[in-house]
Amino acid sequence: MSDRTPLPLVSVLMTVYNSEKYLREAIDSLLVQNYSNLEIILINDGSTDETVQIINSYNDPRIKFHDNGQNLGIVKSRNKALTLANGKYLATLDSDDISLPDRIREQVDFMESNPEYGMCGTYYYTINKEGDIMREVRFPVNDGDSRTHFIAGNCFCHSSVMLRNGVIKDLYFSESYQLAEDFDLWYRIAAHSMIKNIPSFLTKYRIHDTNISAVKEAAMYDRIRMIMERMFKGLHLSFTSEDLELHTWLMAYNGAYFKDTAKIRALSNWIVRLLNQIREIPGYNIELLEKLIFEKWMVICVKSGHYNQLFLGELTRRFKGHYLKAVAQKLTNRNMQNIT
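These lines cover the structure that appears in this document, whether it is placed above or below. (Residues numbered from 1 in each chain as written. Predicted model: local features only at pLDDT ≥ 70, side-chain atom pairs only at ≥ 80, totals over all residues. Heavy atoms only, no water.)

## Description of the environment of valine 32
By secondary structure assignment, the location of valine 32 is in the loop between helix H1 (23-31) and strand S2 (38-44). The spacing of valine 32 and alanine 81 is 49 residues in sequence and 21 Å in space, taken between C-alpha atoms. (Helix = DSSP H or I, 4+ residues; strand = E, 2+ residues; numbered from the N terminus.)

## Here's the deal with the nonpolar core
Formed by 73 residues in total, the largest nonpolar core has its most connected members in Phe150 and Leu267. Ranked by the residues each element gives to this core, the list is headed by helix H11 (residues 286-304), at ten residues. The residues touching leucine 267, leaving out its near neighbours within four places in the chain, are Leu246, Leu250, Phe258, Trp297 and Ile300. Listed in part, the 28 residues of the second largest apolar core include Tyr35, Cys120, Met162 and Ile198. (Core = buried A, V, L, I, M, F, W, Y, C linked by side-chain atoms within 4.5 Å. Buried < 20%, exposed > 50% of the residue type's maximum accessible area, 1.4 Å probe, protein only. Contact = heavy atoms within 4.5 Å.)

## Re the packing of aromatic side chains
One pair of aromatic rings is described through two measures. These are the centre distance and the angle between the planes. This model, assessed by the stated rule, comprises 14 aromatic pairs. With centroids separated by 4.8 Å and ring planes inclined at 20 degrees, the aromatic side chains of tyrosine 125 and phenylalanine 201 adopt a geometry described as stacked. Linking tyrosine 125 in strand S6 (residues 117-127) with phenylalanine 201 in strand S9 (residues 194-206), this pair joins segments that are 76 residues apart in sequence. Judged by its relative accessible area of 18%, tyrosine 125 is buried. Taken together through their ring pairs, the aromatic side chains of Tyr221, Trp249, Tyr257 and Phe258 make up a single cluster. The ring of phenylalanine 173 has arginine 78 lying over it, and the distance from NZ or CZ to the ring centre is 5.5 Å. Taking NZ or CZ as reference, arginine 206 lies 3.8 Å from the ring centre of tyrosine 22, over its face. (Phe/Tyr/Trp six-rings, centres within 6.5 Å; stacked < 30°, edge-to-face > 60°. Lys NZ or Arg CZ within 6 Å of the ring centre and 35° of its normal.)

## Considering the pattern of salt bridges
Counted by the stated rule, this structure contains 16 salt bridges. Where glutamate 290 meets arginine 279, a salt bridge forms, and the shortest distance between an N and an O atom there is 2.8 Å. Highlighted residues: glutamate 290 in helix H11 and arginine 279 in the loop between helix H10 (261-278) and H11, separated in sequence by eleven residues. The structure contains a network of salt bridges with shared partners spanning Arg78, Asp94 and Glu181. (Salt bridge = Lys/Arg side-chain N within 4 Å of Asp/Glu carboxyl O.)

## Section: the pairing of strand S7 (residues 133-137)
Here four bridges tie S6 to S7, and the two strands are oriented antiparallel to one another. Within S7, the position partnered with threonine 126 by the bridge is arginine 135. Hairpin connection, S6 to S7: the antiparallel pair is bridged by five residues, and glycine 131 has positive phi, about 95 degrees. (Pairing = 2+ DSSP bridges.)

## Focus on the layout of surface pockets
Considering only enclosed or pocket space, the second largest pocket measures out at about 190 Å³ in volume. Considering the residues around the second largest pocket, the lining is formed by Glu287, Leu288, Glu290, Lys291, Phe294, His322, Lys325, Ala326 and Gln329. Broken down by secondary-structure element, the contributors of at least two residues to the lining of the second largest pocket are H11 and helix H14 (320-333). Here the element with the most residues in the lining of the second largest pocket is H11; it accounts for five residues. Each residue belonging to the lining of the second largest pocket can be placed in one class, and the counts come to three nonpolar, two polar and four charged. (1 Å grid on protein atoms, 1.4 Å probe; cavity = no way out; pocket = protein on both sides within 12 Å on 5 of 7 lines; lining within 4 Å. Points joined across faces, edges and corners; volume = space filled by probe spheres on them. Nonpolar A, V, L, I, M, F, W, Y, C, P; charged D, E, K, R; others polar.)

So this is what it looks like as structure tokens:
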């Protein structure tokens, strides 16, 4: 972008709730961006810790602070941030994550040069509680692969996303999909514009050692199931309610669900039918989808104790070359039991 070209305003949206531990690090990562025309919209959702005091300690005109006055929940808070945003582009960052210094500049450069894209994410690092880098995560870097990946799960880190305001303004996050509201929104944005990830590591996403409760896991399953049903219907796939259930628990790596031999065999049959149908749809990367589904299948086999299915099942017979290659790659990593 030329120095003579006015920099478009970017609104960075962050909702906060009892975020005192990592909030300052998140805010500081935005204030030191190599991009000057920012507004940082902070929505406090009824915090009871030192969150408000931390926000008030800043004296920077780029920070716009709104207090809900009570806890309204993350979806209402994110939508409130959307209504307050004035920017041509909207960047999202969770209050415990970090934007690296070039993030906003690189994403704006891409969006300005590619008006057909309504959304872009980035590669990212996962970090632990102390901020140490744990691993690198790469997601699809073109529109077709991103849409293909959606069949196997979300492929955008919320804290890495930049949205075009003109695309998002009439969509918003849906309360009906809480716990998966970002995945639902990305899928709906894809119906209006192209989507992709920029192949640069521009975000740090913090992993916490907290387990999701059984109640939230069940709710998450319901939301993902709803998204996948809508997606399958949109692709005109042939599927049953059992197929949808099998696919959703596959995405969740729920080994316990597949302990029953009949369930693991039904999953194998569904995978065959799914891949055969997707192969007939133009624009979808069948090799990528095979890789993603085979990897999930292998983890399920290990978690459910069906080791014999790794080499003796229907997938070996139907997709021998591609499947065995995927198995070999995963076994080489020696981390199958640690993938979740």
